[in-house]
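# Analysis of the macromolecular model
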Amino acid sequence: MQENWQVLLKQHIQDKYIQNSQEWVDVNISTSGLLNLTLVSNSFFGLSIPQRKEEISNLLESQVPHLSPGFLSLYTPQEAESLNISPPQISDTFSLVTWQDLAIQAANPQNQLQLPQKEPSIPRTVTFYSFKGGVGRTTALTHVASILAMRGRKVVAVDLDLEAPGLSTAFNLKLQPKYGIVDYFYERSYLPEEVDPNILITDIFSEVKIPNATGRVFVVPAGYLSLDYVSKVDDLHATTVIDGDKNLWSIFKQEIQEQLKPDILLIDSRTGINQWGALSLIQAADEAIIFIFPNKQNKQGIEVLLESLQSLKNLSINFVFSPVPDVENSGLDKVKQTWKSLFESIKNRTDENYDTDEEDSNTSNEQPENDELLIVPYLQPIAFANSYPILEMQVYYSKIANLIDEKNDEIQRSSILNIAEKRWEIIESLKFPEVNAADLNQNLGLLFQRTADFEKFLDDTTCLIRGKKGTGKTALYWLFLKHQELAQMLAPGRLDNTLFLSGHGRFRKDSPGSDEFQIIHQNLQQNNGTWEAFWRAYLLFRCYQEELLKFPENKQGEKFSELKKIINNLPKDIWQSESTEALLELSTNSKLRLIVKDVVNIILHKEAKDNSKKWWFLYDDLDEHFSEAGELRQQALTGLFKFVQSCNASRLTEIRFKIFLREDIWNRLNFDNKSHFTGRDIILQWTQIDFLRLALRQAIQSKDFKNLVERVSPVAIESIDLADEEELDQALELLWGSRMRAGKRGKKVSQWVYERLTDSSGTTFPRSLSILLEAAKEQELTYRGKSSTKISAERLLQGKSLEFGLKEASRKRCE
């Protein structure tokens, strides 16, 4: 961002006139735009006053021709010393207390010190402000206070609209406190030193009962309206200093904190530019919620306000448009026009505390979507109500409450993570392993995440499981074959009488590979065999390997003697050439093909039924073992699906199939009655909540991180599969924060990660999540010890680290 002209002007004067410590310059721009300059330099030695002024005037004309000079005081160091003129002491930002202070500071950015950001703390003070009245500010505060209390927060609402108080009436405060904040301020303003006040902090607040709230709301009214109240308000000064370094607000906040220990203070501010509005915004506020009606008067007032507030680096500002009539049509258009103008004002400012940061570097010119604007429509029940909150209307104020809640959560996370070197140790301990069900060393019970499709997968009629590479098909295959106890835990009571068998895949080492399938394909073509017959014989062979094949011993069993002879001579634990030859014989010999069919349809099915068992045959690695070259893949997979169709037609209800196949391969297959599988298939999809659950499972592999999560969201840890999205977000915000960029328009990190790892077809890739997080962790560790890198204290992984991780995940995905 370009430097202000005031800063450049001062720098230019310093470069030309200041050569040693005795020389100095003070540039001061009045709020009316006049330049007052005091310059002490040896360059003026031997020059008359008119000559000095002419020289400086020429310089100013060349640098800032629009500027009108005011007082020009030009001296040599000796002259300045004789007149006892010394350099001014620049006051810090925290001494700003009035609108005039702000205006002068805003007009003189060249004199502003670069002060460190104030560390946010609980309780935060949020000021509800409006330039003009009648915009629903007080009404909004009552509803937001109620919402926060229902979320478990302890809220103190303070009426600082001293010249037109009404907060206690808006809340319909049944039990009024004895005094109000005006009485409290007045006594402390005029009390002699070393005399204790009579009005205690406990005398000026009462509680509002919010139905079904787990939190609480306390109200500090302005006071009881009377002649005494009018007199006190007129005699009060918001800038009163007490005990040398305290002000009225700091004393109040300290005492209310000691008494109630609230989470949030909400201030109902005075409208316009006056001393109590200044106290509410300048002295008290950590955050300002500014209410605007979308018209010219409000817009002009807010633009002036923003220009004044640019000195307050620690003040976060958000805007609410209220009450907006016809919000769906012309009202929304007016809001957008007003926001566009304000947005330009904010964008052109030099400070960074306004919540306009965006996710991408080029988005500073983008206008927000409708759902990003904070809009409260004109609501008739609100307009005609005598008191608030109205529970049915709270939904219109929930976004405002969300803003406040998010910041409080950030501060709490910061306090948890504010552990210096321990932070880096926790990051180092993080591990994001890809789920590999074939790895015996991996605790699949901790890492496997069942998705919303899991119940559909368990359905007996589901035989085709489709999905792109990396969506978890192979994990399911291995889960049911290698981790059967876990599978049964994930589906309690559903799988107790189910036997899981590998129809084909890497689970069994005694399986044919791509070379064998090439030979099988050639022989089937040469000897009029079919792939359907092959898959039937292959299933029979699997049952023999698992010792499930029992031929009848009576006369009826004689017809199976040749088949028994072939089968019984085959090795069980390794695939050999004899295995390939035997399956080819059973697939090409017409007599044996019929016998194999009888065995499957009669003997195997009866065996399963007699034992009250269902046999699941699972098929995986079909993309790798069947080459695309020629017709091999097309014919082999078509044969497999025809075999499944045949079993279904023969009503083999105890023999079920689960075929895991890449989506693109399925789409290219073309065979008769392909529609038979419509409704008997599922496409593996990862919803956002599935994704968050997987991310949390991976992150809590670190015991240190798990301990942190137990402090902020124990519910999420206790049962990840039952945790809702809000609970998961709360847990994961310790890992990656709430938003990618500061402010309400920054994308939520959970949404950002999910959307970035989801392609245009809606397919999300859990494998890419592991890659993204592992790369982000490694990138984060590169910032260790670098003072030039700004580290956000409320998260372990910064937004820029996640962006780096995304690039790595994208690169791996492309590979």
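About the cut-offs
Residues numbered from 1 in each chain as written. Predicted model: local features only at pLDDT ≥ 70, side-chain atom pairs only at ≥ 80, totals over all residues. Heavy atoms only, no water. Patch = residues over 30% accessible without salt bridge, like charges linked within 9 Å, V, L, I, M, F, W, Y side chains within 5 Å. Areas by Shrake-Rupley, 256 points an atom, 1.4 Å probe, with all protein chains shown as cover. Salt bridge = Lys/Arg side-chain N within 4 Å of Asp/Glu carboxyl O. Lys, Arg positive; Asp, Glu negative; His and termini not counted. Charge placed at Lys NZ, Arg CZ, Asp CG, Glu CD. Helix = DSSP H or I, 4+ residues; strand = E, 2+ residues; numbered from the N terminus. Pairing = 2+ DSSP bridges. Axes fitted to C-alpha atoms, helices over the stretch in contact; angles between N-to-C directions. Phe/Tyr/Trp six-rings, centres within 6.5 Å; stacked < 30°, edge-to-face > 60°. Lys NZ or Arg CZ within 6 Å of the ring centre and 35° of its normal. Buried < 20%, exposed > 50% of the residue type's maximum accessible area, 1.4 Å probe, protein only. Core = buried A, V, L, I, M, F, W, Y, C linked by side-chain atoms within 4.5 Å. Parallel < 35°, antiparallel > 145°, perpendicular 65-115°, else oblique. Left-handed = near helix turned anticlockwise from the far one by under 90°. Contact = heavy atoms within 4.5 Å. Nonpolar A, V, L, I, M, F, W, Y, C, P; charged D, E, K, R; others polar. Disulfide = S-S within 2.5 Å. Polar contact = N/O pair within 3.5 Å; in protein donor to acceptor, adjacent residues only side chain to side chain. Arc of directions from axis to C-beta.

### Concerning a negative patch on the surface
A contiguous patch of negative charge on the surface is contributed by Glu 193, Glu 194, Asp 243 and Asp 245. Within the secondary structure, Glu 193 sits in the loop between helix 7 (181–190) and strand 6 (206–208).

### Examining the sheet that holds strand 13 (residues 375–377)
Reading across the sheet, the 8 strands line up as 6-7-5-10-4-11-12-13 and stay open at both edges, with mixed pairing between neighbours. Only two strands of the sheet have a single partner each, and these edge strands are strand 6 and strand 13. In this sheet, adjacent strand axes meet at a mean angle of 25° when their direction is disregarded. For strand 6 and strand 7 (residues 216–220), the ladder comprises 3 bridges, and the chain directions are antiparallel.

### Describing the packing of aromatic side chains
Within this structure, the stated rule accounts for 47 aromatic pairs. Across from the ring centre of Phe 457, 5.0 Å away, lies the NZ or CZ of Lys 658, which sits over that ring. Positioned over the ring face of Phe 765 is Arg 813, at 3.5 Å from the centre of the ring.

### Here's the deal with the pattern of salt bridges
For the structure on display, the rule yields 56 salt bridges. A salt bridge links Arg 542 to Asp 510; the nearest nitrogen and oxygen atoms lie 3.9 Å apart. Here Asp 510 lies in the loop between strand 15 (498–504) and helix 20 (514–526) and Arg 542 lies in helix 21 (residues 531–545), a separation of 32 residues in the sequence. A residue is classified by how much of its surface remains accessible, and Arg 542, at 1% relative accessible area, is buried. A residue is classified by how much of its surface remains accessible, and Asp 510, at 2% relative accessible area, is buried. Put simply, Asp 623, Glu 628, Arg 633, Arg 662, Asp 664 and Arg 668 are held in one network by salt bridges that share partners.

### Side note on the sheet that holds strand 1 (residues 24–29)
Strand order across the open sheet formed by 3 strands is 1-2-3, with mixed pairing between neighbours. The open sheet terminates on both sides in strands that have one partner only, identified here as strand 1 and strand 3 (68–75). Between one strand axis and the next, the sheet turns by 10° as a mean value, whatever way the strands run. Bridge count for strand 2 (residues 34–40) against strand 3 is 6 bridges, and the pairing is parallel. Its bridge partner lying in strand 3, Leu 37 is registered against Leu 72.

### Considering the nonpolar core
One finds Trp 531, Trp 535, Val 599, Leu 604, Tyr 619 and Phe 657 to be the most contacted residues of the largest nonpolar core, which totals 60 residues. If one sorts the elements of this core by residue count, helix 21 sits on top with 10 residues.

### A look at the packing of helix 22 (residues 561–568) against helix 23 (residues 577–588)
Orientation of helix 22 relative to helix 23, taken along the N-to-C sense of each, is 155°, at an axis distance of 10 Å. Overall, the two elements helix 22 and helix 23 adopt an arrangement that is roughly antiparallel. The handedness of the crossing between helix 22 and helix 23 comes out as left-handed. On helix 23, the residues touching Glu 562, Leu 563, Ile 566 and Ile 567 of helix 22 are Ala 582, Glu 585 and Leu 586. Each residue belonging to the contact of helix 22 with helix 23 can be placed in one class, and the counts come to 5 nonpolar, no polar and 2 charged.

### Here's the deal with the state of the cysteines
Under the criterion given, the structure shown has 0 disulfides. Here Cys 647 stays unpaired: no disulfide links it, and the sulfur of Cys 543, its closest cysteine neighbor, is 11 Å away. Residue classification places Cys 647 among the buried positions, given a relative accessible area of 2%.

### Thoughts on the pairing of strand 15
Summarising burial for strand 15: 6 of the 7 residues are buried, a large majority. Here strand 15 runs beside strand 16 (residues 614–619); their pairing, made up of 6 bridges, is parallel. In the sheet register, Thr 498 faces strand 16, and the bridge partner there is Lys 614.

### Things to note about the side chain of Ser 280
Looking at where Ser 280 falls in the secondary structure, it is placed in helix 10 (residues 275–284). Among the residues examined, Ser 280 registers a relative accessible area of 0% and is labelled buried. From its side chain, Ser 280 meets the backbone oxygen of Trp 276 in a polar contact 2.8 Å long. Setting aside anything within four residues of it in sequence, one finds Ser 280 in contact with Thr 127, Leu 160, Ile 267, Ser 269 and Ala 285.

### A closer look at the environment of Asp 510
Taking the C-alpha atoms as reference points, Asp 510 and Phe 321, separated by 189 residues in sequence, lie 70 Å from one another. Excluding residues that lie within four positions of it along the chain, Asp 510 makes contacts with Arg 542, Gln 545, Lys 572, Asp 573, Ile 574 and Trp 575. Here the side chain of Asp 510 touches Arg 508 through a polar contact of 2.8 Å, side chain to side chain. Engagement of the side chain of Asp 510 in a polar contact is seen with the side chain of Gln 545, the distance being 2.4 Å.

### Some thoughts on helix 22
Every buried residue belonging to helix 22 is among Leu 563, Ile 566 and Ile 567, and all of these are buried. Projected onto a plane normal to the axis of helix 22, the buried residues spread over an arc of 95° and lie on a single side. Of the surrounding secondary structure, the elements contacted by the buried residues of helix 22 are helix 21, helix 23 and helix 24 (590–610).

On their own, these measurements won't tell you what the molecule is for.
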